[in-house]
Amino acid sequence: MHRWLSGLLTLLAPLLSATVSVGNSPGDDQAQLAQVQQLVGHWRGVGQPKRGSTQDSWVAEADWVWSFAGGPALVGKLPQGKFFRSVKLVPGEETGSYLLTATPVAEGPEMQFAGKLDEAQRLVLTALEPRAGMPERLSFRFVAGGNRLLLLLERKSATSDQYVRLAEVGYTRQGSGFGKGSSQPECVVTGGLGTIEALHAGQKYFVCCTGCLEYFKASPDEVIADYQARQAAEKAESKP
């Protein structure tokens, strides 16, 4: 009996191993989030229910950073948000998908939105459980070389399955020199634009946000080693 059980476990071992290995690694998740890391930064703008009209408009702010607690994520604080006060973006279960968890300004449970980048590289996310009076679809679009971020908030039409505008927020990235370039410092954690200095062992490095700064301080040697490995790989790939 024991011999039979041992043989069965031997046969099932590859299947069990494959089951355990399913899922993205933290590196895979970070690489996917890097596709939308232009979100990282300080933003200020105006929200408008109706395009071209200041009626019921509001001043909007957003502060997006990387977070590595419990896995890579992009976290946004919206101190003057009309609908949400904070959001968290992580990779979804399907390849190339994203899941955004939003905390409403008013009391109530969090809302979740899921979606992907479309052909125009807009991040379009739809509410998993729509809620009355709240956005049911969010569309993020970058313009002006990444210095402008347009966030369209929509709801379902009362008479059809079409989405109609609820409001739109036009953000401008705060600061200057944004947008990655060869002559600009690079974040040693994510590869984005480095805007914050970080010192280690007498050497100066750069990170793109406070989340990356905390991650760097927690394990600087590991981060630097990974960064140097990426640089070496990019240099090797660029050779003819």
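Located above this text is the structure these notes cover.
Described below are features of the structure shown in this document. All figures in this text were calculated on a predicted structure; none of them were measured in a lab.

## Description of the overall build of the protein
Then comes step 1: The number of helices and strands found in the protein is four helices and twelve strands.
Then comes step 2: Evaluated residue by residue, the protein yields a buried proportion of 35% over its 240 residues.
Then comes step 3: A separation threshold of at least 6 residues defines the contact pool for the protein, and within that pool the share at least 24 residues apart is 36%.
Then comes step 4: Surface accessibility of the protein: about 14,500 Å² in total, with carbon and sulfur atoms responsible for 53%.

## What about the sheet that holds strand S7 (residues 123–127)?
Then comes step 1: Strand order in this closed barrel of ten strands is S1-S2-S3-S4-S5-S6-S7-S8-S9-S10, and the pairing throughout is antiparallel. Averaged over all pairs of adjacent strands, the angle between strand axes in this sheet comes to 25°, irrespective of strand direction.
Then comes step 2: The pairing of strand S2 (residues 58–67) with strand S3 (residues 73–77) spans five bridges and is antiparallel. Across the sheet, residue aspartate 63 finds its bridge partner in S3, namely lysine 77.
Then comes step 3: Packed on one face of the sheet, helix H2 (residues 26–33) meets S2, S3, strand S4 (84–91) and strand S5 (97–104) and runs near 120° to S4.

## So, the packing of aromatic side chains
Describing an aromatic ring pair means giving the distance of the ring centres and the angle of the ring planes.
Then comes step 1: Applying the stated criterion to the full structure yields six aromatic pairs.
Then comes step 2: Ring centres of tryptophan 43 and phenylalanine 142 lie 6.2 Å apart, and the angle between their planes is 45°; this geometry places the pair in the tilted category. Within this pair, whereas tryptophan 43 is found in strand S1 (residues 41–48), its partner phenylalanine 142 is found in strand S8 (residues 137–143), the two being separated by 99 residues in sequence.
Then comes step 3: Of the residues examined, tryptophan 43 reaches a relative accessible area of 2% and is grouped as buried.
Then comes step 4: Residue class for phenylalanine 142 comes out partly exposed when judged on its relative accessible area of 21%.
Then comes step 5: Ring centres 5.8 Å apart and planes at 45° place the aromatic pair tyrosine 205 and phenylalanine 216 in the tilted group. Here tyrosine 205 is found in strand S12 (residues 203–207), whereas its partner phenylalanine 216 is found in helix H3 (residues 210–218), with eleven residues between them in sequence.
Then comes step 6: Ring-pair connections join several aromatic residues into one group, and the members of that group are Trp66, Phe68 and Tyr215.
Then comes step 7: The lysine or arginine in question, lysine 82, covers the ring of tryptophan 58, its NZ or CZ lying 5.2 Å from the ring centre.

Conventions we followed
Residues numbered from 1 in each chain as written. Predicted model: local features only at pLDDT ≥ 70, side-chain atom pairs only at ≥ 80, totals over all residues. Heavy atoms only, no water. Helix = DSSP H or I, 4+ residues; strand = E, 2+ residues; numbered from the N terminus. Buried < 20%, exposed > 50% of the residue type's maximum accessible area, 1.4 Å probe, protein only. Contact = heavy atoms within 4.5 Å. Areas by Shrake-Rupley, 256 points an atom, 1.4 Å probe, with all protein chains shown as cover. Pairing = 2+ DSSP bridges. Axes fitted to C-alpha atoms, helices over the stretch in contact; angles between N-to-C directions. Phe/Tyr/Trp six-rings, centres within 6.5 Å; stacked < 30°, edge-to-face > 60°. Lys NZ or Arg CZ within 6 Å of the ring centre and 35° of its normal.

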